[in-house]
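Architecture and fold: a report
One-letter residues, chain by chain:
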Amino acid sequence: INMTDKMDKEPFSSFDYQVLTNVASFIAKVYQNHKLKEIIAEQNRIKKEIEIAAILQNSFLPKQLPSIKGMDIAVYKNVTSEVGGHFYDFIQIDENKLAIALCRVSDKGIPAALSVALFKNMLRGEVSQNASPKTVINRINRQFFLDTTANMNIQALYCIIDTHNRVITYT
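Conventions and cut-offs
- Residues numbered from 1 in each chain as written.
- Predicted model: local features only at pLDDT ≥ 70, side-chain atom pairs only at ≥ 80, totals over all residues.
- Heavy atoms only, no water.
- Core = buried A, V, L, I, M, F, W, Y, C linked by side-chain atoms within 4.5 Å.
- Buried < 20%, exposed > 50% of the residue type's maximum accessible area, 1.4 Å probe, protein only.
- Helix = DSSP H or I, 4+ residues; strand = E, 2+ residues; numbered from the N terminus.
- Expected span 1.5 Å × (residues − 1).
- Salt bridge = Lys/Arg side-chain N within 4 Å of Asp/Glu carboxyl O.
- Phe/Tyr/Trp six-rings, centres within 6.5 Å; stacked < 30°, edge-to-face > 60°.
- Axes fitted to C-alpha atoms, helices over the stretch in contact; angles between N-to-C directions.
- Parallel < 35°, antiparallel > 145°, perpendicular 65-115°, else oblique.
- Left-handed = near helix turned anticlockwise from the far one by under 90°.
- Contact = heavy atoms within 4.5 Å.
- Nonpolar A, V, L, I, M, F, W, Y, C, P; charged D, E, K, R; others polar.

A few words on the nonpolar core. Counting residues in each nonpolar core, the largest one holds 31 residues, and the members touching the most others are Phe 87, Leu 123 and Tyr 158. Of all the elements, helix 2 (residues 109–127) adds the most residues to this core, at eight residues.

Our next topic: helix 2. Compared with the 27 Å implied by 1.5 Å per residue over 19 residues, the 27 Å span of helix 2 between its first and last C-alpha is a close match. Gly 109, Ala 112, Ala 113, Ser 115, Val 116, Ala 117, Phe 119, Lys 120, Met 122, Leu 123, Glu 126 and Val 127 are the residues of helix 2 that are buried.

Side-chain pairing between opposite charges can occur once the charged atoms of the two side chains come close. According to the stated counting rule, one finds six salt bridges in the structure shown. The salt bridge involving Lys 6 is made with Asp 16; its shortest N-O contact spans 2.9 Å. Here the residue Lys 6 occupies a position in the segment before helix 1 (14–60), and Asp 16 occupies one in helix 1, the gap between them amounting to 10 residues. Close ionic contact of Arg 124 with Asp 89 constitutes a salt bridge, the shortest N to O distance being 3.0 Å. One end of the pair, Arg 124, is in helix 2; the other, Asp 89, is in strand 1 (residues 84–92), with 35 residues separating them in the sequence. For Arg 124, a relative accessible area of 37% puts it in the partly exposed group. Owing to a relative accessible area of 2%, Asp 89 belongs among the buried residues under this scheme. Because the salt bridges share partners, they merge into one network encompassing Glu 42, Arg 45 and Glu 49.

Using the criterion set out here, one finds three aromatic pairs in the structure. With 6.2 Å between their ring centres and 80 degrees between their planes, Phe 87 and Phe 119 make a pair best called edge-to-face. Placement of Phe 87 in strand 1 and of Phe 119 in helix 2 is noted, with a sequence separation of 32 residues between them. When the centroid spacing of 5.9 Å and the interplanar angle of 65 degrees are considered together, the rings of Tyr 88 and Phe 90 count as edge-to-face. A relative accessible area of 13% means that Phe 90 is categorised as buried.

Our focus in this paragraph is the packing of helix 1 against helix 2. At a closest axis distance of 8 Å, the pairing of helix 1 and helix 2 adopts a crossing angle of 15 degrees. What the angle tells us is that helix 1 and helix 2 run roughly parallel. Here the hand of the crossing between helix 1 and helix 2 comes out left-handed. Side by side, helix 1 and helix 2 meet where Glu 49, Ile 52, Ala 53, Leu 56, Gln 57 and Phe 60 of the first sit next to Gly 109, Ile 110, Pro 111, Ala 113, Leu 114, Val 116, Ala 117 and Lys 120 of the second. Considered class by class, the residues forming the contact of helix 1 with helix 2 number 10 nonpolar, two polar and two charged.

Dropping the structure here:
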């Protein structure tokens, strides 16, 4: 707010200064309320995104644990307030072989959840070709790099457990 000469050329009175101070205070409060509404709207948007990402993330996890002769399988899922791209999967190859994948995406929210979906689909496609863990992860890595523009990475452990030959092959 800027005060310039009065139209009647009289000096400003203490009343004029008080009116100006009250108007400035009112404008400042309106501005603060506007900023607070923006902050609350952003927090609500982030909260909604986290809820959507949590739903996506949970939809990618196995609905039931596999049953393989000679093995007991259990999982522990620690629920946190932050949703990231954490993922595990079990893929039954045959009655004696089970593929297990664990991965973590460096990002959070919906981008991480979508990256997990991409990883899961690529993994399932590669596993069906019955390749070695090293080959599977190398193929996924090359394709993932080509298909994503996000600035994130995925850390993954992929293994095949062969209960008949008592061998674990991993990368």
